[in-house]
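The lines below spell out each chain.
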Amino acid sequence: MVTLPPAMRSEERPWRYPLGVGLLIVLLIVALVLLVLTEQNYTAFREALQGIQFTVSLTHFEQLASQEARLQWTVTVTMPAQKIPASLELLDWHLYSADRSTYLGYYTSGDVQIALGPNTEIPLEAAIRGPNFEKLQRLQEESPQETALLFQGVALVMFQLPQREERKKFPVASVFMLPKEGE
Amino acid sequence: MKLLRWLILALAAGIAAGASSALQTQELLDFSFVPGNIAYVLVALVGVSVGLLVRGVQEGLLMALAITLVGTVTLFLAIYLPNVEIAATAPEFILRSVWWGALSIFFLTIIGMVVGRILSGE
């Protein structure tokens, strides 16, 4: 039977208790700080998903002699208090008459990378030509005053999460009035 | 006094383990600044620190159970509170994370404790 001298027994080691307590305190602080930061990111992301808003307004309408109409819009993207960096990647949209009975074509912003702030304005442009232009003219002739059109699209927004990128599609829709030529 | 110290230790270690384990859950992993593996390492380190403080196999096992209990409650609250409406409609998502988290807390704590005991020379 071998008996260890007191200095060899583990309970006599003076560094064991302070090391254990110290490590535990550090781990508790680190874990709680990481959890709070993670929860803040998570909440901010969900608020961004729920609170992101797109407003579309027509800024310019021009009917060219060469059987072409040029329309310009400004899409305003409003984000709630932004903690997660986000950028708009793509905006595709369709144009219809307001009652959706006439389809006026599909348009896209192409691949863009616009960093989104609390209020970001994105200029968009579409040239309506050929059969779509003729349909637009017919709509204008049928309308006594302004012609109501529907802008219906999808915005692809990329959120930069700490561990990966999250791409989300958001519907963008708005009815706008097309003034009579010369007004 | 000894019981109070024991309870404080179980509470602190359980909260640390639960908070660490929450970082690797499906719900929060993408939003965490550390990868899932680091979260597991943190849980194991909690076991190491507790391993330096407890004596005996029975006390170690009891402590591991207490840490798992407190850790599971912490983990549940960490996932449930920001997801109250999801939990109401699809509780299975949260319960799956909690179940896996509890299991990993228990076994990683025990592994950590064994490492802690070895490091302390026992």
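Since the model is a prediction, treat every value here as computed from it, not as a measurement.

The rules we used
Residues numbered from 1 in each chain as written. Chains lettered and ligands numbered in written order. Predicted model: local features only at pLDDT ≥ 70, side-chain atom pairs only at ≥ 80, totals over all residues. Helix = DSSP H or I, 4+ residues; strand = E, 2+ residues; numbered from the N terminus. Rg over C-alpha atoms; globule rule 2.2 N^0.38 Å. Buried ≥ 20, exposed ≤ 12 C-beta atoms within 10 Å, placed from the backbone. Contact = placed C-beta atoms within 7 Å. Domains from an automatic or database assignment. Nonpolar A, V, L, I, M, F, W, Y, C, P; charged D, E, K, R; others polar. Expected span 1.5 Å × (residues − 1). Core = buried A, V, L, I, M, F, W, Y, C linked by C-beta atoms within 7 Å. Pairing = 2+ DSSP bridges. Axes fitted to C-alpha atoms, helices over the stretch in contact; angles between N-to-C directions. Parallel < 35°, antiparallel > 145°, perpendicular 65-115°, else oblique. Left-handed = near helix turned anticlockwise from the far one by under 90°.

1. What to know about the overall build of chain B
- When helices and strands are tallied, chain B shows five helices and zero strands.
- For chain B, the succession of helices and strands along the chain, N to C, is α-α-α-α-α.
- The C-alpha atoms of chain B give a radius of gyration of 15 Å, which matches the 14 Å a tight globule of 122 residues would have.
- Looking at the 122 residues of chain B, the share that counts as buried comes to 48%.
- Sequence separation of 24 or more characterises 79% of the internal contacts of chain B that already satisfy a separation of 6 or more.

2. Side note on the overall build of chain A
- Along its length, chain A carries two helices and eight strands.
- When the helices and strands of chain A are listed from N to C terminus, the series reads α-β-β-β-β-β-β-α-β-β.
- Here chain A has a C-alpha radius of gyration of 30 Å; the compact-globule value for 183 residues is 16 Å, and the former is much larger.
- The C-alpha extent of chain A, read off along each of the three principal axes, is 110 × 25 × 25 Å.
- Expressed as a percentage of the 183 residues in chain A, the buried residues total 21%.

3. Things to note about the domain arrangement of chain A
- Along its sequence, chain A is carved into domain 1 (7-46) and domain 2 (52-178).
- Grouping the constituent residues of the side of domain 1 of chain A that touches domain 2 of chain A by class yields two nonpolar, two polar and no charged.

4. So, the interface of chain B and chain A
- Each partner contributes to the interface: chain B provides 30 residues, whereas chain A provides 29 residues.
- For the side of chain B that touches chain A, the secondary-structure elements that each account for two or more residues are α1 (2-22) and α2 (36-51) of chain B.
- Examining the composition of the side of chain B that touches chain A, we find that seven residues originate from one element, α1(B), more than from any other.
- Across the side of chain B that touches chain A, the residue classes break down as 22 nonpolar, five polar and three charged.

5. Observations regarding α2(B)
- Compared with an ideal rise of 1.5 Å per residue, which puts 16 residues at 22 Å, α2(B) spans 23 Å between its outermost C-alpha atoms and is within 8% of the ideal.
- Among the residues of α2(B), those classed as buried are A39(B), L42(B), V43(B), A44(B), L45(B), V46(B), G47(B), V48(B), S49(B), V50(B) and G51(B).
- Buried residues in α2(B) make contact with α1 (16-51) of chain A together with α1, α3 (57-80) and α5 (91-119) of chain B.

6. Quick look at the nonpolar core
- Formed by 45 residues in total, the largest nonpolar core has its most connected members in A13(B), A16(B), V46(B), V50(B) and I67(B).
- Elements with a contribution of two residues or more to this core: α1 of chain A together with α1, α2, α3 and α5 of chain B.
- With nine residues, α1(B) is the largest single contributor of residues to this core.
- Every residue in contact with A13(B), bar those within four places of it in the chain, is listed here: L24(A), V46(B), V50(B) and I67(B).
- Within the second largest apolar cluster, 25 residues are counted, among which are A48(A), V56(A), V77(A) and L136(A).

7. Remarks on the sheet that holds strand β2 (residues 68-78) of chain A
Residues and elements named next belong to chain A.
- Pairing in this open sheet of three strands is antiparallel, and the strands run β1-β2-β6 from one edge to the other. Of all strands in the sheet, those with a lone pairing partner are β1 (53-64) and β6 (119-129), marking the two edges. The sheet shows a mean angle of 20° between the axes of neighbouring strands, taken without regard to direction.
- One ladder, built from eleven bridges, connects β1 with β2; its direction is antiparallel. Paired with L58 across the strands is W73, a residue of β2.
- Its contacts with the sheet put helix α2 (residues 130-142) on β2 and β6, and the angle it makes with β6 is roughly 100°.

8. Examining the packing of α1(A) against α1(B)
- In contact at an axis separation of 8 Å, α1(A) and α1(B) are set at 40° when each is read in the N-to-C sense. Between α1(A) and α1(B), the angle is such that the two are oblique. Crossing of α1(A) over α1(B) shows left-handed handedness. Here L24(A), L27(A), L28(A), A31(A), L32(A) and L35(A) of α1(A) come into contact with α1(B), specifically with A12(B), A13(B), I15(B), A16(B), A19(B), S20(B) and A22(B).
- Here the contact of α1(A) with α1(B) is built from residues that sort into twelve nonpolar, one polar and no charged.

9. Brief notes about the packing of α2(B) against α5(B)
All names here are of chain B.
- The contact between α2 and α5 brings their axes to 6 Å, and the two run at 50°. One element, α2, and the other, α5, form an angle in the oblique class. α5 is crossed by α2, and the crossing has right-handed handedness. Note on element contacts: α5 touches α2 through S104, I105, L108, T109, I110, I111, G112, M113, V114, V115, G116 and R117, opposite Y40, V43, A44, L45, V46, G47, V48, S49, V50 and G51.
- Within the contact of α2 with α5, the residues separate by chemical class into 14 nonpolar, seven polar and one charged.

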